[in-house]
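Reading the structure
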Amino acid sequence: MKIAYYLFILSLIFISSCIKLDDPMAPSWDTKLNIPIKDTIYFLEDQIKTDQYIKVDSSSNTLIYKVSSDVYREVFSVNEYVKGQIDGNYSGYDVPFVTGKDQLGIEFSSGAKIDSAWIKSGQITINIINNTPNIADNVIITAIGILDENGDPIQLSTNIDANSTKSLERDLANYTYTSRFQENSNELVLDVELTTQATSAEQMQIEIIITNSDFYYIDGTLVETEIKSIRETISLPITSDVEDFRNKITFTDAKMDIKAIYQSDETPLFPALFKDITLSASTLDGDFEELKKIDGSKLDDQLVEDGSFIKQYNTTEHTLSDLFSIVPDSVILESVIIMNPSIAASNRGIARDTDSIIVEYLIEAKAEMVIDTVVINTEEEFDIGDEDISDIELARLRYQLKSELPAEVDINFSFLDVNKDTLFTKTKKLQGSNVTSDNYTVEPIDIDDEIVFNENEIDLLNQAEFVDLNIFIYTNQENFTAWFGPKLSIDILSWAEIDFFIDNNNE
């Protein structure tokens, strides 16, 4: 039994002891019974549990909710781009079967225009096909642009019988290539010198096969090439407490940074294109959200020129609020990397096998935010004692509330019976405290008010065993998105106040 009730009983005993039995009339009086319901303070930071990735940012005591990821970092080698630039199976080249010299221009099948290069590996095979009835005493083939360490060009020689084929091979490792001795930089130029005792009106065929070419260094104009597809996931381990806020919080200050750096000691650098970029978020429960531009279109491709780009996605231009509102368990970055895209201003560059493209992205969402609905719930015992309901003159629910939250507040007091079934509910809707967008000044509201029970509700009070208190917090400000700090609070004191009139003359 509550203290107030004991005091009430003691007062009856005391008064009774002072009354003589022969008094003609027993006294009557008014009395008041106060039944406490709740006296507590709620800090908003206590309503959101935090972890490594979702936390209260109290650096300036201005932001309640902050989602941030680790920095994802991946390195992509440019070596994949420079490989195979001179590879090809080049056939259909003819030279007259007469003593003399001819020159062949073999256009690179990749479309590359190479000013100079240092070859790491590769193999060249030259097939000489003699379908004539005559013998070639000597065939000398010189690749004038492929030089050894002394600066001398590759030179291969052989004789060849009538109606036969000869193959000449050379390992290209550590040779250099230059196009300065020829007119076109997109060709491998071969000088073919033939010596024969018998000339013919027929021709001899030359076939060139270059395989597995790779380079320490290459300078020129290379064609557009897809080198890598990215699909990387950042995990955000979300606690079960935070799951309650999914689709209830809208972030108005969030960003996602993607940075790409072409790391090289050479200039000019080849451009690169991040194509078909998608950023999506998902939860383990199956919620999915893809980042788009505000107009609903896909994210733009990003061109890396002059060695780097930094792209920031924000809530002004992109749907980051929708992305973060699901409180994702993971965020996924997908893109294709294209080297030397045709849309670049210049397609000439220098690349080394040690060059790389470093990709980083970071997620950070700081919340100036709107709250769709957050519920604070508590259940308290309620005991009116053994009082006679018929003696109640007036019953009211008294509450004192102080709120610093710039949000609407609805308070529901539900009176429950012993089985926790609802007998009746009293509701009060309150306006939020004032806040200005200029300096985030909060003017708390301070309310001392009451809710009066009607006759039907008074009749039900003696059945009440519990009070279920629900506080609903939500924003409803058209012109300004509310600001929330972790130390902002709601302080509520509530009690039931019951006035009895005890008339002993009727007993």
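Everything numeric here is computed off the predicted structure, so don't read it as measured data.

1. A closer look at the overall build of the chain
A count of helical and extended segments in the chain gives five helices and 31 strands. Across the 507 residues that make up the chain, the buried fraction comes to 48%. Sequence separation of at least 24 residues holds for 84% of the intrachain contacts in the chain that already meet a minimum separation of 6. Carbon and sulfur atoms form 44% of the exposed surface of the chain, whose accessible area is close to 24,500 Å².

2. So, the packing of aromatic side chains
Evaluated as defined, the whole model comprises eight aromatic pairs. A ring pair is formed by F274 and F309, whose centres lie 5.3 Å apart and whose planes are at 65 degrees; its orientation type is edge-to-face. With a gap of 35 residues between them, F274 in strand β16 (residues 272-282) and F309 in strand β19 (residues 308-314) connect regions that are remote in the sequence. Considered together, F274 and F309 belong to a single accessibility category, that of buried residues. Here the aromatic residues F382, F415, F424 and F453 are joined through ring pairs into a cluster of three or more. Here the basic side chain of K311 rests over the ring of Y313, its NZ or CZ set 5.7 Å away from the ring centre. The ring of F466 has K420 lying over it, and the distance from NZ or CZ to the ring centre is 5.0 Å.

3. A short note on the pattern of salt bridges
For the coordinates displayed, the defined rule picks out 17 salt bridges. When the shortest N-O distance is used, the salt bridge between K259 and E360 registers 3.4 Å. With K259 in strand β15 (residues 249-263) and E360 in strand β22 (residues 356-371), the pair connects residues that are 101 residues apart, well separated along the chain. On the basis of relative accessible area, E360 is assigned to the buried category, the value being 19%. For D410, the salt bridge goes to K429, with nearest N and O atoms at 3.0 Å. Taken together, the residues span a long stretch of sequence, with D410 in strand β25 (residues 408-416) and K429 in strand β26 (residues 422-430) at a distance of 19 residues. A relative accessible area of 13% means that D410 is categorised as buried. The class for K429 is exposed, based on a relative accessible area of 54%. Residues joined by salt bridges that share partners form a network here, namely R396, R398, D448 and E450.

4. Some thoughts on the side chain of D410
Reaching out from D410, the side chain makes a polar contact with the side chain of K429 at a distance of 3.0 Å. Those residues in contact with D410, other than ones at most four positions away along the chain, are K428, K429, L430, N470, I471, F472 and Y474.

5. Structural notes on the side chain of N314
Here N314 lies in strand β19. Since its relative accessible area comes to 18%, N314 is described here as buried. Here E317 takes part through its backbone nitrogen, which lies 2.8 Å from a polar atom of the side chain of N314. Dropping the residues within four chain positions of it, N314 is found in contact with A254 and L320.

6. Here's the deal with the environment of L156
Among the structural elements, L156 can be located in strand β9 (residues 153-160). Take L156: its relative accessible area is 7%, and that puts it in the buried class. Measuring from C-alpha to C-alpha, the distance between L156 and I126 comes to 8.8 Å, with 30 residues separating the pair along the chain. Not counting residues within four places of it along the chain, the set of residues in contact with L156 comprises I126, V139, I140, I141, L168, E169 and R170.

7. A few points about unusual backbone geometry
Here T267 and P268 are connected by a cis peptide whose omega angle stands at 0 degrees. As for its position among the elements, P268 is in the loop between β15 and β16. In this model, N174 sits at a positive phi of 70 degrees, which is unusual for a non-glycine residue. Looking at the secondary structure, you find N174 in the loop between β10 (164-171) and β11 (176-178).

8. Side note on the nonpolar core
L188 and F274 are the most contacted members of the largest nonpolar core, which totals 74 residues. Contact partners of L188, with chain neighbours within four places excluded, come to L104, G105, I106, F108, I124, A143, I146, Y177 and I210.

9. Brief notes about the environment of D301
Within the fold, D301 resides in the loop between β17 (288-290) and β18 (302-304). Spatially, the C-alpha atoms of D301 and T278 are 9.6 Å apart, while their sequence positions differ by 23 residues.

10. Considerations on the environment of S414
With respect to the helices and strands, S414 occurs in strand β25. Since its relative accessible area comes to 11%, S414 is described here as buried. Filtering out sequence-adjacent residues up to four positions away, S414 remains in contact with T422, F424, T425, F466, V467 and D468. Of note is the side chain of S414, whose polar atom sits 3.0 Å from the side chain of T425.

11. Here we look at the confidence of the model for the chain
Residues at a pLDDT of 70 or more form 73% of the chain, whose mean pLDDT is 78. Counting contacts from residues 56-64, a segment whose pLDDT is below 50, to residues more than four positions away or on other chains yields 32 contacts. This model gives residues 502-507 a pLDDT under 50, and the stretch forms 12 contacts once residues within four places in sequence are excluded.

Rules behind the numbers
- Residues numbered from 1 in each chain as written.
- Predicted model: local features only at pLDDT ≥ 70, side-chain atom pairs only at ≥ 80, totals over all residues.
- Heavy atoms only, no water.
- Helix = DSSP H or I, 4+ residues; strand = E, 2+ residues; numbered from the N terminus.
- Buried < 20%, exposed > 50% of the residue type's maximum accessible area, 1.4 Å probe, protein only.
- Contact = heavy atoms within 4.5 Å.
- Areas by Shrake-Rupley, 256 points an atom, 1.4 Å probe, with all protein chains shown as cover.
- Phe/Tyr/Trp six-rings, centres within 6.5 Å; stacked < 30°, edge-to-face > 60°.
- Lys NZ or Arg CZ within 6 Å of the ring centre and 35° of its normal.
- Salt bridge = Lys/Arg side-chain N within 4 Å of Asp/Glu carboxyl O.
- Polar contact = N/O pair within 3.5 Å; in protein donor to acceptor, adjacent residues only side chain to side chain.
- Core = buried A, V, L, I, M, F, W, Y, C linked by side-chain atoms within 4.5 Å.
- pLDDT = per-residue confidence, 0-100.

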